[in-house]
Amino acid sequence: MASLAYSLFILSLFTFTLLNPVCTELDEYLFSFGDGLYDAGNAKFIYPDKYLPSYHHPYGTTFFDYPTGRFSDGRTVVDFVAENVSLPRIPPFKNKEANFTYGANFASEGATASDSNPLIDFRSQIRDFGELKLEWAVQLVNVTELARRLKKAVYLISFGADDYLNYEIPSEASREQLESIVDVVLGNISDRIKELYDFGARKFVVENVAPLGLIPFIKQTSDNSTLFYELASLHAMKLPQILEKIQDGYLFPEFNYTVFNYFGIIKEIIDAPGEHGFKYGDIACCGNSTYRGQACGFLDYEFCVCGNKTEYLFFDGTHNTDAANNLLAELMWDKESGFISPYGVKDFFPSPTTIQTLLTEATALG
Ligand SMILES: *[C@@H]1O[C@H](CO)[C@@H](O)[C@H](O)[C@H]1NC(C)=O
Ligand SMILES: *[C@@H]1O[C@H](CO)[C@@H](O)[C@H](O)[C@H]1NC(C)=O
Ligand SMILES: *[C@@H]1O[C@H](CO)[C@@H](O)[C@H](O)[C@H]1NC(C)=O
Ligand SMILES: *[C@@H]1O[C@H](CO)[C@@H](O)[C@H](O)[C@H]1NC(C)=O
Ligand SMILES: *[C@@H]1O[C@H](CO)[C@@H](O)[C@H](O)[C@H]1NC(C)=O
Ligand SMILES: *[C@@H]1O[C@H](CO)[C@@H](O)[C@H](O)[C@H]1NC(C)=O
Ligand SMILES: *[C@@H]1O[C@H](CO)[C@@H](O)[C@H](O)[C@H]1NC(C)=O
Ligand SMILES: *[C@@H]1O[C@H](CO)[C@@H](O)[C@H](O)[C@H]1NC(C)=O
């Protein structure tokens, strides 16, 4: 009986396949907001006349063979997420020639959550998103379809590190002072996310910040790295709380979020690189001085570049290698990794019915 049902199922599956050749259009959408960890090359369009290291050797040398404006030897976490849902690379929004059918990347190196730079900060990235929404509205005409796409889209968010790196923190700052600094950053992240909700966004993947006191740039430049570590640790602790608060408020009934514990995984790799397939967690691949914490790709300073980039967590003093971003995206994908909660990124992309999933179901039935 079971095997007859199985045969019939396979037969109908076969017919289904014949009648539905693999040319259905993709119906997934991805947006990203944030700093250099997510930047895909917006800067060139913002500062056309400036020398920008991320558009020069050795950035981009691993995967693309040429620098793209990404702060990595290869891809960012956003690229890996897009790949996994069969989306084309999500283009930087400032590139007016790009095709934004499946989303846009608003992230920019140096961008803060609080207002600081009206060209790149979170508020300006949301202004750009508003512009994109208008473009979509014009193209789609149908407002129901526009709302459906914005709601279906996944929004990746990485903010906070640059707020803390920019801060002039008194070295004898009390715990209360540090907390109030963190509250201002998180308050702005929260406010901006609510604005995105009002534009129609629903599914947010928010990552916290690296254990800043342990990254090559801070170890090389700060005389009190403990302060930065404390700020990052407080940020990591409080971020889930502010998101939960948005969800609990009656103003945002469809709000959905998950938090990627970037702090936790980066700390773990720095402490025990070998356990995650790396050789070096404390020193960058590209840069100058003891930790190669600065000057990667600079014109006016000498810097070194490592041989085998896949052995390193950090590509430069603050950003990761292609190999590390690949691992991070994998850990984000599935909540079973223990580094993302309460959902994995894959839960926000309910899988389209592929032949593979049908076969798996058939096997389960048989
Ligand atoms: C943008 O990409 C979509 C999907 O691939 C395609 O249908 C559309 O024609 C493209 N638009 C332009 C202007 O090339
Ligand atoms: C508008 O979009 C909705 C949702 O995608 C769809 O059901 C409806 O048929 C569309 N209306 C028109 C006029 O195309
Ligand atoms: C570094 O910052 C911590 C936390 O505020 C503080 O307790 C410590 O005294 C500072 N150390 C120095 C050397 O300033
Ligand atoms: C956002 O940051 C600004 C400083 O740029 C601060 O004055 C404001 O209070 C913050 N907003 C919230 C809600 O914390
Ligand atoms: C490293 O580069 C920075 C510029 O980012 C420069 O200020 C610093 O002096 C350099 N350090 C050394 C030891 O060359
Ligand atoms: C680079 O390092 C990785 C990871 O340690 C290793 O698997 C690979 O064989 C190395 N490649 C070369 C060319 O040495
Ligand atoms: C992509 O999806 C596969 C299968 O679900 C998963 O095993 C893998 O970790 C994912 N990779 C990334 C980079 O998200
Ligand atoms: C949030 O997303 C998860 C995973 O897709 C889903 O199971 C859950 O029902 C959603 N919650 C809300 C409030 O939409």
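Scoring rules and cut-offs
Residues numbered from 1 in each chain as written. Chains lettered and ligands numbered in written order. Predicted model: local features only at pLDDT ≥ 70, side-chain atom pairs only at ≥ 80, totals over all residues. Heavy atoms only, no water. UniProt positions renumbered as here; feature names shortened; annotations may be inferred. Core = buried A, V, L, I, M, F, W, Y, C linked by side-chain atoms within 4.5 Å. Buried < 20%, exposed > 50% of the residue type's maximum accessible area, 1.4 Å probe, protein only. Helix = DSSP H or I, 4+ residues; strand = E, 2+ residues; numbered from the N terminus. Contact = heavy atoms within 4.5 Å. Near = heavy atom within 4 Å. Polar contact = N/O pair within 3.5 Å; in protein donor to acceptor, adjacent residues only side chain to side chain. Areas by Shrake-Rupley, 256 points an atom, 1.4 Å probe, with all protein chains shown as cover. Nonpolar A, V, L, I, M, F, W, Y, C, P; charged D, E, K, R; others polar. Arc of directions from axis to C-beta. Expected span 1.5 Å × (residues − 1). Axes fitted to C-alpha atoms, helices over the stretch in contact; angles between N-to-C directions. Parallel < 35°, antiparallel > 145°, perpendicular 65-115°, else oblique. Left-handed = near helix turned anticlockwise from the far one by under 90°. Phe/Tyr/Trp six-rings, centres within 6.5 Å; stacked < 30°, edge-to-face > 60°. Pairing = 2+ DSSP bridges.

Taking an unreviewed UniProt entry as the reference, the protein chain is identified by name as Major latex allergen Hev b 4 belonging to Hevea brasiliensis. Its UniProt record gives the protein chain a comment under Sequence similarities (unreviewed entry), which states: "Belongs to the 'GDSL' lipolytic enzyme family."

Brief notes about the nonpolar core
By size, the foremost hydrophobic cluster in this structure holds 95 residues, and its most contacted members are L30, F31, F33, F204 and L243. With ten residues, helix α9 (residues 225–248) is the largest single contributor of residues to this core. With residues up to four places along the chain from it excluded, the contact list for L30 reads V78, V81, A82, L87, I90, Y102, G103, A104, V154, L156 and F349. Counting nine residues, the second-largest nonpolar core is a separate cluster that includes Y59, C286, Y312 and F315.

Describing the site of ligand 6
Taken together, the neighbourhood of ligand 6 is formed by N308, T310 and E311. Taking N308, its side chain carries an N or O atom lying 2.3 Å from an oxygen atom of ligand 6. Within the side chain of T310, one N or O atom sits 3.2 Å away from an oxygen atom of ligand 6. About the coverage of ligand 6: the protein hides 30% of its 360 Å² of free accessible area.

Topic: the site of ligand 3
As a structural note, the neighbourhood of ligand 3 is formed by S171, A173, N224 and L227. Contact with the protein chains covers 49% of the free accessible surface of ligand 3, which is 360 Å². Residues of the shell around ligand 3, tallied by class, amount to two nonpolar, two polar and no charged.

Things to note about helix α5 (residues 143–152)
Along α5, the residues that are buried comprise L146, R149 and L150. Down the axis of α5, the buried set is contained in an arc of 100°. They therefore lie on one face. The secondary structure elements touched by the buried residues of α5 are α4 (122–140), β3 (154–158) and α7 (175–199). The backbone nitrogen of T144 has a side-chain oxygen 2.9 Å away, supplied by the residue at the start of α5, namely N142.

Quick notes on α7
Its 25 residues give α7 an end-to-end C-alpha distance of 36 Å, which sits within 8% of 36 Å, the value for a rise of 1.5 Å per residue. Within the span of α7, buried status applies to L178, I181, V182, V185, L186, N188, I189, S190, R192, I193, L196 and Y197. In the core, the buried residues of α7 are packed alongside β1 (30–34), α4, β3, α6 (161–166), β4 (203–207) and α9. Directly beyond the C-terminal end of α7, a positive phi value near 120° is found at G200.

Some points on the packing of α4 against α5
Axis separation between α4 and α5 bottoms out at 9 Å; the angle between their running directions is 135°. Here α4 is positioned oblique relative to α5, judged by the angle of their axes. In terms of crossing hand, the pair formed by α4 and α5 is right-handed. In this structure, α4 contributes F129, K133, W136, A137 and L140 to the contact, and α5 contributes E145, L146, R149 and L150.

With respect to the packing of aromatic side chains
Taken as a whole and judged by the stated rule, the model has 27 aromatic pairs. Seen in terms of ring centroids, F33 and F106 are 4.9 Å apart; in terms of plane orientation they differ by 15°. Their pairing is stacked. Here F33, found in strand β1, pairs with F106, found in the loop between β2 (103–105) and α4; they are 73 residues apart in sequence, far enough to count as distant. Here F33 and F106 have matching classes, each one buried. Pairing Y280 with Y312 gives two aromatic rings, centres 4.6 Å apart and planes at 25°, and the pair type is stacked. Within this pair, whereas Y280 is found in the loop between α10 (262–271) and β6 (286–287), its partner Y312 is found in the loop between β7 (304–305) and α11 (322–333), the two being separated by 32 residues in sequence.

Comments concerning the pairing of β3
Among the five residues that make up β3, five are buried, leaving the element largely enclosed by the rest of the structure. Residue alternation in β3 divides its side chains into two sets, V154, L156 and S158 and Y155 and I157, and both sets are buried. Judged from the five bridges that link them, β3 and β4 form a sheet pairing that is parallel. Along β4, the bridge assignment pairs S158 with E207.

Re the packing of α7 against α9
Two elements in contact, α7 and α9, have axes whose closest approach is 9 Å; the angle formed by their N-to-C orientations is 40°. The angle between the axes of α7 and α9 places the two elements in the oblique class. Pair α7 / α9 crosses with right-handed handedness. Where α7 abuts α9, its residues R175, L178, E179, I181, V182, D183, V185, L186, I189, S190, I193 and K194 lie against L227, E230, L231, L234, H235, M237, K238, L239, I242, L243 and I246.

A few points about the sheet that holds β1
Taken in spatial order, the six strands make up an open sheet running β2-β1-β3-β4-β5-β8, and their pairing is mixed. Each having just a single partner strand, β2 and β8 (340–341) make up the two edges of the open sheet. Here five bridges tie β4 to strand β5 (residues 256–260), and the two strands are oriented parallel to one another. Bridged to V205 within β5 is T258.

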